[in-house]
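Residue-level listing of the chains:
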Amino acid sequence: MRQTRALGRIGCLFGLLLAAPLAQSASKPVEVDVVMVDYSFEPDHLTLRQGVLYQLHLENHGNETHEFTAPVFFATATIDNSNVLDNKGSEITLQPGEKKDVFLTPHKPGRYDLRCADHDWYGMVGGITVK
Ligand SMILES: [Cu+2]
């Protein structure tokens, strides 16, 4: 009886030791960089994990205005700074030379469409996979 109680306490201690670093990593976002050029996303496909906080860092290195348009993906994610989104939360618009960060947590596994609303006809398309 005494032995099982002692084991229980050791189990609790291990739980605390394991929980501390996990809690820290959960609060720090995973940075994902996407560069927009005339006329593509680099990279053009993102693979994200559900329940993970990401800092999606976008830079427009092109000479044209580009959009990171992913309405269905954004609708299934929690966006911490939704003020960075345009067009009813469907996209992020970047002027030439502009940089923007969006902090988001995907929730629903699946494959989502990514495109530049202005240049999808020019092949500026990609995808987002949430696992
Ligand atoms: Cu574009």
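Residues numbered from 1 in each chain as written. Predicted model: local features only at pLDDT ≥ 70, side-chain atom pairs only at ≥ 80, totals over all residues.

Caption draft 1: View of the overall build of the chain. Helix and strand counts for the chain come out as two helices and 10 strands. Start at the N end of the chain and walk to the C end: the helices and strands fall as α-β-β-β-β-β-α-β-β-β-β-β. Counting every position in the chain, which comprises 131 residues, the buried fraction comes to 26%. In the chain, the proportion of contacts linking residues at least 24 apart, taken out of those at least 6 apart, comes to 68%. (Helix = DSSP H or I, 4+ residues; strand = E, 2+ residues; numbered from the N terminus. Buried ≥ 20, exposed ≤ 12 C-beta atoms within 10 Å, placed from the backbone. Contact = placed C-beta atoms within 7 Å.)

Caption draft 2: Looking closely at the pairing of strand 1 (residues 30-37). Where strand 1 meets strand 4 (residues 54-60), seven bridges bridge the pair, whose relative direction is parallel. When the bridges of strand 4 are listed, Val34 appears paired with Leu58. Sheet topology note: the strand 1/strand 2 (residues 40-42) ladder contains three bridges and is antiparallel. In the strand pairing of strand 2, Val37 is matched with Ser40. Counted between consecutive antiparallel strands, the loop separating strand 1 from strand 2 contains two residues. (Pairing = 2+ DSSP bridges.)

Caption draft 3: Expanded view of the sheet that holds strand 8 (residues 99-106). Overall, mixed pairing links the five strands, which are arranged 2-1-4-8-6 in an open sheet. One side of each edge strand has no neighbouring strand; the edge strands of this open sheet are strand 2 and strand 6 (77-79). With direction set aside, neighbouring strand axes in the sheet form an average angle of 30°. (Axes fitted to C-alpha atoms, helices over the stretch in contact; angles between N-to-C directions.)

Caption draft 4: Region of the structure containing the nonpolar core. Among the nonpolar cores identified, the biggest contains 23 residues, and Leu58, Ala70, Phe73, Ile92 and Ile128 are the most heavily contacted of them. Elements with a contribution of two residues or more to this core: strand 3 (45-48), strand 4, helix 2 (71-75), strand 7 (91-94), strand 8, strand 9 (110-115) and strand 10 (125-130). Ranked by residues supplied to this core, first place goes to strand 4 with three residues. Apart from residues lying up to four places away in sequence, Ile128 is in contact with Leu46, Leu48, Ala70, Phe73, Tyr112 and Leu114. (Core = buried A, V, L, I, M, F, W, Y, C linked by C-beta atoms within 7 Å.)

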